[in-house]
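Report on the structure
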Amino acid sequence: MRIISTERSQVLAARVAERLGVSLVETKFTRFPDGELYLKCGELDDETLIVSSIVDNDMFMQTLLAIDAADHSRNTLVVPYLGYSRQDKRFSPGEPISARAVARALSTGIERIYVVNIHDPGVLSHFGVPAKNVTIAPAVGGYIGDLRLKNPLILAPDEGAIDFASDVAAVGGWDCDHLEKTRLSGEEVRIAPKTIDAAGRDAVIVDDIISTGGTLATAACMLREQGAASIHAACVHGVLTSGAYTRLRAAGVSSVVSSDTYENASSFISAASAIVTAIKEDAHR
Ligand code: R5P
């Protein structure tokens, strides 16, 4: 087996290669003068693992090109971050189900696909090949443990993130709750943990994605008002767009950490072990 990475998944692909003990294929990425993407892979084997986060349209295209370049081998696709997965429903008439469109396009030329903490696991059913969701909640919990916080309170920003937050909290046997929004008036909302008082606690808000940081920044401001001793943020996919990192720090968040599913300067957690474990489990079946 050999591993191809697209341009924005190089670090994670190298970590996966190291853990699997297989080689990375050197790949050249350029553009044609009209802007179209071009890639050329080095020598491939009869089995290829393609590691490619769909962080933007170019990475979507590079993924399709990489799959096609490996058309003579048996291919497994790892999409650590599946872009477009939040448009997983037709919210109003005339819209596409973008997650389905992407899933269908990625299902040709591969035998199996792995994604990491996908926003809605229901999206897996749109792939035309067996697809598995890998969770890195244990790795996120491990990182929080390393922060050496005293009796941290793990908080999901909403009900949808409760399962993930519980899995993270289970790592250290920490308290876990979810934030609840209560509308006080037309203009005023209160965001607070549903049952546990945050006063004096080290709060860690965990979520699958931090995009603009709006969700977490609002929650952080409210937790500060409620007397939390410190506030930290940890997520799987650190999209961190529109000045999200600064917004969170300005809102009083002491540390922001994400994983290498979306490579950036806050990617201190790796999804490599969880991905390799899932691949090995399936190989032994
Ligand atoms: C939403 O359901 C997701 O789990 C995240 O909470 C959301 O995508 C975060 O977005 P933002 O950082 O822009 O508030």
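Every value quoted in this text rests on a predicted model; they were computed, and no experiment measured them. (Residues numbered from 1 in each chain as written. Predicted model: local features only at pLDDT ≥ 70, side-chain atom pairs only at ≥ 80, totals over all residues. Heavy atoms only, no water.)

A short note on the environment of Arg90
- Relative to the helices and strands, Arg90 is located in the loop between β6 (74–79) and α3 (98–105).
- With sequence-adjacent residues up to four places away left out, Arg90 is seen in contact with Glu95, Ile97 and Arg100. (Helix = DSSP H or I, 4+ residues; strand = E, 2+ residues; numbered from the N terminus. Contact = heavy atoms within 4.5 Å.)

What to know about helix α1 (residues 10–20)
- Considered for burial, the residues of α1 that qualify are Leu12, Ala13, Val16 and Ala17. Seen end-on, α1 carries its buried residues on one side only, within an arc spanning 140 degrees.
- The first or second residue beyond α1 is Gly21, which carries a positive phi of 70 degrees. (Buried < 20%, exposed > 50% of the residue type's maximum accessible area, 1.4 Å probe, protein only. Arc of directions from axis to C-beta.)

Let's talk about the domain arrangement of the protein
- When cut into domains, the protein gives domain 1 (2–134) and domain 2 (137–269).
- Here the C-alpha centre of domain 2 lies 29 Å away from the C-alpha centre of domain 1.
- Domain 1 puts 14 residues into the contact, and the matching count from domain 2 is 12 residues.
- Both faces considered, domain 1 and domain 2 share a buried interface measuring about 1200 Å² in area, 50% of it formed by carbon and sulfur atoms.
- When the buried surface of domain 1 facing domain 2 is broken down by residue, Tyr81, Arg86 and Asn117 rank first, second and third, together holding 43% of it.
- Joining domain 1 to domain 2, the criterion identifies 1 salt bridge.
- Notably, a salt bridge pairs Arg15 with Asp260, separated by 2.7 Å at the nearest N-O pair.
- Our count for the contact surface shared by domain 1 and domain 2 stands at 8 residue pairs in polar contact (both at pLDDT 80 or more).
- Examining the composition of the side of domain 1 that touches domain 2, we find that 4 residues originate from one element, α1, more than from any other. (Domains from an automatic or database assignment. Buried area = accessible area lost by both parts, 1.4 Å probe. Salt bridge = Lys/Arg side-chain N within 4 Å of Asp/Glu carboxyl O. Polar contact = N/O pair within 3.5 Å; in protein donor to acceptor, adjacent residues only side chain to side chain.)

Things to note about the environment of Glu281
- Following the sequence through the fold, Glu281 ends up in helix α8 (residues 272–283).
- C-alpha of Glu281 to C-alpha of Ala198: the two residues are 83 residues apart in sequence and 40 Å apart in space.

Regarding the pattern of salt bridges
- Evaluation of the coordinates by the stated rule reveals 8 salt bridges.
- Arg74 is the salt-bridge partner of Glu111, the closest N and O atoms lying 3.5 Å from each other. Of this pair, Glu111 sits in the loop between α3 and β7 (112–116) while Arg74 sits in strand β6; the two residues are 37 residues apart in sequence, bridging distant segments of the chain.
- In this structure, the salt-bridge partner of Lys89 is Asp88, at a minimum N-O distance of 3.6 Å.
- Note on Asp88: relative accessible area 12%, which makes it buried.

Details of the packing of α1 against α8
- Viewed as axis vectors pointing N to C, α1 and α8 meet at an angle of 50 degrees, and their least axial separation amounts to 9 Å. Taken together, the axis directions place α1 and α8 in an arrangement best described as oblique. Both α1 and α8 take part in a crossing whose hand is right-handed. Together, Leu12, Arg15, Val16, Arg19 and Leu20 of α1 and Ala272, Ser273, Ile275, Val276 and Lys280 of α8 make up the contact between the two elements. (Axes fitted to C-alpha atoms, helices over the stretch in contact; angles between N-to-C directions. Parallel < 35°, antiparallel > 145°, perpendicular 65-115°, else oblique. Left-handed = near helix turned anticlockwise from the far one by under 90°.)

Considerations on the sheet that holds strand β2 (residues 23–24)
- One open sheet accounts for 6 strands, arranged β2-β1-β5-β6-β7-β8; its pairing is parallel. Looking at which strands have only one partner, the edges of the open sheet turn out to be β2 and β8 (131–134).
- Against the sheet, α1 makes contact with β1 (2–5), β2 and β5 (47–51), and its axis sits at roughly 170 degrees relative to β1, the strand it touches most.
- Its contacts with the sheet place helix α2 (residues 57–69) against β1, β5 and β6, and it is angled at close to 165 degrees to β6. (Pairing = 2+ DSSP bridges.)

Quick word on the UniProt feature "binding site: Mg(2+) 1" (unreviewed entry) in the protein
- In the numbering used here, UniProt assigns the "binding site: Mg(2+) 1" (unreviewed entry) feature to His119.
- Considering the arrangement of structural elements, one finds His119 in the loop between β7 and β8.
- In this view, His119 contacts Ser85, Arg86, Asp88 and Asp208; residues no more than four positions away in its chain are not counted.
- At 2.7 Å, the side chain of His119 forms a polar contact with the side chain of Asp208. (UniProt positions renumbered as here; feature names shortened; annotations may be inferred.)

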